[in-house]
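Next come the chains, spelled out residue by residue.
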Amino acid sequence: MSRTRALLGGATAAALLLVALTGCTSTSEEDAPGKADPNLPAADGLLKESATAMGGITTAKFLISADGTIAGVALKRADGVLTKEGNAQGTAQVEQMGATVDLAFTIVGQTMYLKGPTGDYQQLPLALAASVYDPSAILDPGRGIAKVVGTATGGKTEAAETVDGQETYRVAADNSSQTLVNVVPGVTGTVPGRFWIAKDGKKLLKAAFTLPAVGEAKGGTVTITFKEFDAPVTIAPPK
């Protein structure tokens, strides 16, 4: 196998690792959770309302960034559009074998189309990556981001902030890996996170999860943002 094929083969799984899920920048200044503000709405109510709102989403644009060195996560950035059925289209940047690889991807039904820096799209069964990541889970109310928000514990409403021009409440909470793994594959234990919940409509506009150091990996933050909810979307196989 040539180096190029090896890069693309490894990048295939990496691209699907977090494809679909969430603008994103480093959140290092927010690593330490703050105290709940008694003048703001209670976290439990906000999380419940947001879970309900996200459970009804049919499409969304997403942006994901991974900052730091996170065990098992080669993804550096991904953006695109996702449907509740699991179809997706966008681009991803992954790090493989010391090199940065830019990819374009389209997922339609059970087929993934992947294009590396050179050459045409490769058509691959989505089942090849199913054990790594199932993109249809992200907007699935029973498995995806709605489930993550709805099962978060120990919530504290920390502040009112603006995200992408919209007013939000920032809620800190703990997340069980049993539910978060469908959104951020490979996580274990309890993962601290923050949710930016829109004041109007209670949709989740941003989420950030702090992942610990594992071995030589020093840990970091995976940040996800959503926007343009329920906009008409047509995703078709590339020609």
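Relevant structure appears above.
Residues numbered from 1 in each chain as written. Predicted model: local features only at pLDDT ≥ 70, side-chain atom pairs only at ≥ 80, totals over all residues. Heavy atoms only, no water.

Draft legend 1. Summary view of unusual backbone geometry. Within the chain, Glu 228 stands out as a residue other than glycine whose phi angle is a positive 50 degrees. Residue position: Glu 228 is located in the segment after β11 (219-227). Of note, the phi angle at Asp 230 is positive, near 60 degrees, even though the residue is not glycine. For Asp 230, the position within the fold is in the segment after β11. (Helix = DSSP H or I, 4+ residues; strand = E, 2+ residues; numbered from the N terminus.)

Draft legend 2. Region of the structure containing the nonpolar core. Counting 53 residues, the largest nonpolar core has Phe 195, Leu 204, Phe 209 and Phe 226 as its most contacted members. By residue number, the principal contributor to this core is strand β10 (residues 204-211), which donates six residues. Apart from the residues lying within four places of it in its own chain, the contact partners of Leu 204 are Ser 50, Met 54, Ile 145, Val 149, Phe 195, Trp 196, Ile 197, Phe 226 and Phe 229. (Core = buried A, V, L, I, M, F, W, Y, C linked by side-chain atoms within 4.5 Å. Buried < 20%, exposed > 50% of the residue type's maximum accessible area, 1.4 Å probe, protein only. Contact = heavy atoms within 4.5 Å.)

Draft legend 3. Up close: the pattern of salt bridges. Under the defined criterion, the tally for this structure stands at six salt bridges. A salt bridge links Arg 143 to Asp 140, with the nearest nitrogen and oxygen atoms 3.1 Å apart. What emerges from the salt-bridge pattern is a single network uniting Glu 158, Glu 161, Arg 170 and Arg 194. (Salt bridge = Lys/Arg side-chain N within 4 Å of Asp/Glu carboxyl O.)

Draft legend 4. Local environment of the pairing of strand β8 (residues 166-176). Sheet topology places strand β7 (residues 153-163) next to β8; eight bridges connect them, and they run antiparallel. By the bridge assignment, Ala 159 is partnered in β8 with Arg 170. In this structure, the hairpin formed by β7 and β8 is closed by a connection of two residues, where Asp 164 is found at a positive phi of approximately 55 degrees. As defined by bridge partners, β8 adjoins strand β9 (residues 190-198) across nine bridges and the pair is classed as antiparallel. Considered in β9, the bridge of Thr 168 is made with Ala 198. (Pairing = 2+ DSSP bridges.)

Draft legend 5. Spatial organisation of the environment of Phe 229. You can see Phe 229 is positioned in the segment after β11. Classification of Phe 229 by relative accessible area gives buried; the value is 19%. Along the sequence, Phe 229 and Lys 61 sit 168 residues apart, while their C-alpha atoms lie 7.1 Å from each other. When near neighbours in sequence (up to four residues on either side) are disregarded, Phe 229 contacts Met 54, Ile 57, Thr 59, Ala 60, Lys 203, Leu 204 and Leu 205.

Draft legend 6. Region of the structure containing the pairing of strand β3 (residues 88-96). Residue alternation in β3 divides its side chains into a buried set, Ala 88, Gly 90, Ala 92, Val 94 and Gln 96, and an unburied set, Gln 89, Thr 91, Gln 93 and Glu 95. Of the pairings in the sheet, the one linking β3 to strand β4 (residues 99-108) comprises nine bridges and is antiparallel in character. Following the sheet pairing, Val 94 is matched in β4 by Val 101. Counted between consecutive antiparallel strands, the loop separating β3 from β4 contains two residues, among which Met 97 sits at a positive phi close to 55 degrees.

Draft legend 7. Expanded view of the environment of Phe 209. Inspection of the secondary structure puts Phe 209 in strand β10. Given a relative accessible area of 0%, Phe 209 falls into the buried group. Spatially, the C-alpha atoms of Phe 209 and Asn 175 are 8.7 Å apart, while their sequence positions differ by 34 residues. When neighbours within four sequence positions are excluded, Phe 209 is seen to be in contact with Val 148, Asn 175, Leu 180, Val 184, Val 191, Pro 192, Gly 193, Phe 195, Gly 220, Thr 221, Val 222 and Ile 224.

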